[in-house]
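Close look at the chain arrangement
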Amino acid sequence: QNINANIRLKETNMSNPGEQMAAAVDAEVKKFRELQEEVQKLRDDQRLLMQQQSENEMVKQELDLLDDSAQVYKMIGPVLMKNETEDAKQTVDQRLELINGELKKVEGKVKAKEEKGQELAKKIQEMQGSLQAAAAQAAKAAAQQAMAS
């Protein structure tokens, strides 16, 4: 009997529109938090790319100061290998192009996720407002019912 009473109690609770609305709000809040975590990860990726961009721009500036007869070395594992100045410049330019492309992709993703987050936040606020209005209406109805009894 006790188990059946618990089952009926749960069915009654889930049929309560207020609890259904609260559960829906909680689900949207969870989505919003997950979205914020994704944005934070993208921002971390963006910072790393910006750091790499800065380092490569400094290398490019240093290479631009050299004349073509200067000797440039490239570290491959634990070994320094001789590298032509022009090859080194091309490598750095290609790396900068790649980094800049990745930065644009990440910035686009961040912007899209932030816009989605703003829409979700607005939806959550509207849902919470509806929930509060429904709770106030239910309290008013309960008070009127209590006064009528």
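These notes cover the structure that comes with them. (Residues numbered from 1 in each chain as written. Predicted model: local features only at pLDDT ≥ 70, side-chain atom pairs only at ≥ 80, totals over all residues. Heavy atoms only, no water.)

1. Considering the overall build of the protein
Counting its regular elements, the protein contains three helices and two strands. Helices and strands appear in the protein in the N-to-C order α-α-β-β-α. Going through the 149 residues of the protein one by one, you find that 17% of them count as buried. Taking the contacts inside the protein whose residues are at least 6 apart along the sequence as the reference set, 71% of them involve residues at least 24 apart. Counting every atom, the protein has about 11,700 Å² of accessible surface; 53% of that belongs to carbon and sulfur. (Helix = DSSP H or I, 4+ residues; strand = E, 2+ residues; numbered from the N terminus. Buried < 20%, exposed > 50% of the residue type's maximum accessible area, 1.4 Å probe, protein only. Contact = heavy atoms within 4.5 Å. Areas by Shrake-Rupley, 256 points an atom, 1.4 Å probe, with all protein chains shown as cover.)

2. Focus on the pairing of strand β2 (residues 79–83)
The side chains of a regular strand alternate, first on one face of the sheet and then on the other. Both strand β1 (residues 72–76) and β2 contribute to a ladder of five bridges, which runs antiparallel. Bridging from a neighbouring strand, M75 pairs with L80 of β2. If you look at the hairpin formed by β1 and β2, you'll find two residues sitting between the two strands, and G77 has a positive phi there, around 65°. (Pairing = 2+ DSSP bridges.)

3. Describing the pattern of salt bridges
One pass over the full model with this rule turns up eight salt bridges. Here D44 ties to R47 by a salt bridge, and the two come within 2.4 Å at their closest N and O atoms. Residue D44 and its partner R47 are both found in helix α2 (residues 17–65); the two are separated by three residues, about one turn of the helix. Note on D44: relative accessible area 37%, which makes it partly exposed. On the basis of relative accessibility, which here comes to 47%, the residue R47 falls in the partly exposed class. K60 is the partner of D93 in a salt bridge, and the nearest nitrogen-oxygen pair spans 3.3 Å. In this pair, D93 is assigned in helix α3 (residues 85–148) and K60 in helix α2, connecting sequence segments 33 residues apart. Take K60: its relative accessible area is 33%, and that puts it in the partly exposed class. Each of E28, K31 and K123 takes part in salt bridges that share partners, so that together they form one network. (Salt bridge = Lys/Arg side-chain N within 4 Å of Asp/Glu carboxyl O.)

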